[in-house]
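This is what each chain is made of:
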Amino acid sequence: MRPDRRPEWRHARIGSAEIAYQMLGAGPALVLLHGVSGSSRWWRYNAGPLAERFQVHVIDLIGFGASRGQRFVLREAAALVGAWMQQIGL
């Protein structure tokens, strides 16, 4: 990632969960989600170039990366991401 494309870390509280995410760039919103065995680090080489055209949001799902320490429940993940998107205005 280019130095001028450093992501800005943010946190959002959704019920009892706290979701950490990074935001960078400007333009149409683009949300990048990692797989179940990863974290936002998976996107470190892609986020900067994508931020040249988009406002990129890279989330750490509950239980991963900067959102560690919370229990990940697969059947709840989509609803949490949806609530997170609504809370931040996407």
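Being a predicted model, the structure only gives us computed values, none of them experimental.

Colleague: Help me out: how do you make sense of the packing of aromatic side chains in this one?
Modeller: The way to describe two aromatic rings as a pair is by their centre distance and the angle between their planes. Following the criterion strictly, the structure yields two aromatic pairs and no others. Measuring from centroid to centroid gives 5.2 Å for phenylalanine 64 and phenylalanine 72, while their planes differ by 75 degrees, and the two rings are edge-to-face. Among the residues examined, phenylalanine 64 registers a relative accessible area of 15% and is labelled buried.

Colleague: So what exactly am I meant to see when it comes to the pairing of strand E1 (residues 8-14) here?
Modeller: A regular strand places its side chains so that they alternate between the two faces of the sheet. Pairing between E1 and strand E2 (residues 17-25): seven bridges, direction antiparallel. Bridging from a neighbouring strand, glutamate 8 pairs with methionine 23 of E2. Hairpin remark: E1 followed by E2, antiparallel, with two residues in the connecting loop; positive phi at glycine 15, about 60 degrees.

Colleague: It is not clear to me how the sheet that holds strand E4 (residues 55-60) should be interpreted in this structure. Could you clarify?
Modeller: Working definition: the strands of a sheet are paired by backbone hydrogen bonds and lie parallel or antiparallel to each other. Sheet architecture is open: four strands sit in the order E1-E2-E4-E3, paired in mixed fashion. Edge positions in the sheet fall to E1 and strand E3 (29-32), since each has one partner strand and no second. The mean inter-strand angle of the sheet, taken between neighbouring strand axes irrespective of direction, is 30 degrees. Where E3 meets E4, four bridges bridge the pair, whose relative direction is parallel. Across the sheet, residue leucine 32 finds its bridge partner in E4, namely valine 58.

Rules used throughout
Residues numbered from 1 in each chain as written. Predicted model: local features only at pLDDT ≥ 70, side-chain atom pairs only at ≥ 80, totals over all residues. Heavy atoms only, no water. Phe/Tyr/Trp six-rings, centres within 6.5 Å; stacked < 30°, edge-to-face > 60°. Buried < 20%, exposed > 50% of the residue type's maximum accessible area, 1.4 Å probe, protein only. Pairing = 2+ DSSP bridges. Helix = DSSP H or I, 4+ residues; strand = E, 2+ residues; numbered from the N terminus. Axes fitted to C-alpha atoms, helices over the stretch in contact; angles between N-to-C directions.

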